[in-house]
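So the chains spell out like this:
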Amino acid sequence: MNLHLLDSLDVTCKIVLVIAAPLLITAILLTYFSLINNKYINWLIDILINVPIIFPPIGIGFILVFLLSKNGYLGKILGVDIVFTFTGICIAAYITGIPFITRSIMAGKNSTINELCEAAYTLGQSRIRTFLLIVLPLLKNSIIQGLILAIGRIMGEVGITLMIGGNINGSTTTIALDIYNAVLDGENDKALILSSILFVFSVFLFYILRYIGNKTQNTL
């Protein structure tokens, strides 16, 4: 296995490790705020978790470059150039994954959870305490499923990563971009190996999701 192949696998694995915690924290916070039942808050959350799915990735990538480059609005404020760096592709992965993990967690909410929350509020429990002790444990399987879905989507992301990462071998080239490069270079054997790795990993994630789904149904 050549060096570039190992590099892209290494970069992809590092991205997943770096953004797993931020994805979980953000998705859980968005879920908490969605329970407040404020139409303006829910409207904003809907935008945050749905627009990145609908809006073309290449467009999101351009906006990030426009904002985070050395001469961009945020780039000037931060005093750093995040474009074409590992930090940049982590941001791309974060934006890619947020809709999938958050939507999965929110899909796990049901009437039972709402009724338990109302009962807890009636007994004098705070929103935060109710969320931590009642809602989160009940959403545990949805949280795991959401994280798995987000990781699967992130591993196949190309558009945003290509724009903000620059496709630099050994630094910002992910396994998905390596497949793209291999096809362009006519290295079909390499593209086939990388695609096979993603396929095996996808099947593995699918069976985890299926196991969790069956476990959830059995507990109902």
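What counts, and where the lines are drawn
Residues numbered from 1 in each chain as written. Predicted model: local features only at pLDDT ≥ 70, side-chain atom pairs only at ≥ 80, totals over all residues. Heavy atoms only, no water. Helix = DSSP H or I, 4+ residues; strand = E, 2+ residues; numbered from the N terminus. Buried < 20%, exposed > 50% of the residue type's maximum accessible area, 1.4 Å probe, protein only. Contact = heavy atoms within 4.5 Å. Areas by Shrake-Rupley, 256 points an atom, 1.4 Å probe, with all protein chains shown as cover. Patch = residues over 30% accessible without salt bridge, like charges linked within 9 Å, V, L, I, M, F, W, Y side chains within 5 Å. Salt bridge = Lys/Arg side-chain N within 4 Å of Asp/Glu carboxyl O. Axes fitted to C-alpha atoms, helices over the stretch in contact; angles between N-to-C directions. Parallel < 35°, antiparallel > 145°, perpendicular 65-115°, else oblique. Left-handed = near helix turned anticlockwise from the far one by under 90°. Nonpolar A, V, L, I, M, F, W, Y, C, P; charged D, E, K, R; others polar. Core = buried A, V, L, I, M, F, W, Y, C linked by side-chain atoms within 4.5 Å.

*Asks:* Sorry, what's going on with the overall build of the protein chain here?
*Replies:* Counting its secondary structure elements, the protein chain contains 11 helices and 0 strands. When the helices and strands of the protein chain are read in sequence order from the N terminus, they spell out α-α-α-α-α-α-α-α-α-α-α. Taking the principal axes of its C-alpha atoms as reference, the protein chain extends roughly 65 × 45 × 25 Å. Residue burial in the protein chain is summarised as follows: out of 220 residues, 38% are buried. Pairs at least 24 apart in sequence give 69% of the contacts found in the protein chain among residues at least 6 apart. Accessible area for the protein chain stands at about 12,500 Å²; split by element, carbon and sulfur atoms hold 67% of it.

*Asks:* Help me out: how do you make sense of a nonpolar patch on the surface in this one?
*Replies:* A cluster of nonpolar side chains, W43, L44, I47, L48, V51, F55, F62, I63, F66 and Y73, forms an exposed patch at the surface whose accessible area comes to about 1,000 Å². Within the residue set of the nonpolar patch, elements represented by two or more residues are α2 (39-54) and α3 (57-68). Residue position: L44 is located in helix α2.

*Asks:* Explain the packing of helix α5 (residues 86-107) against helix α8 (residues 140-155) to me, please; I cannot follow it from the model alone.
*Replies:* Helix-helix packing is described using two parameters, namely the angle between the two axes and the distance between the axes. Running from amino to carboxyl end, α5 crosses α8 at an angle of 150°, the nearest separation of the two axes being 8 Å. With respect to their mutual orientation, α5 and α8 come out roughly antiparallel. Crossing angle aside, the handedness with which α5 passes α8 is right-handed. Where α5 approaches α8, its residues A93, T96, G97, F100, I101, S104 and I105 are matched on the opposing element by S142, I143, Q145, G146, L147, L149, A150, R153 and I154. Here the residues of the contact of α5 with α8 are counted per class, giving 9 nonpolar, 6 polar and 1 charged.

*Asks:* What's the story with the nonpolar core in this structure? I'm lost.
*Replies:* The tendency in soluble globular proteins is for nonpolar side chains to be buried as a group. In this structure, I15, I19, L23, I101 and V135 are the most contacted members of the largest nonpolar core, which totals 32 residues. At the level of elements, α1 (3-34), α5, α6 (111-122), α7 (127-138), α8, α10 (175-184) and α11 (188-219) are the ones that each hand at least two residues to this core. Ranked by residue count, the leading element in this core is α1, at 7 residues. Discounting residues that sit within four places of it in the chain, I15 has contacts with F86, I89, C90, A93, I154 and T174.

These values are about where atoms sit, not about what they do.
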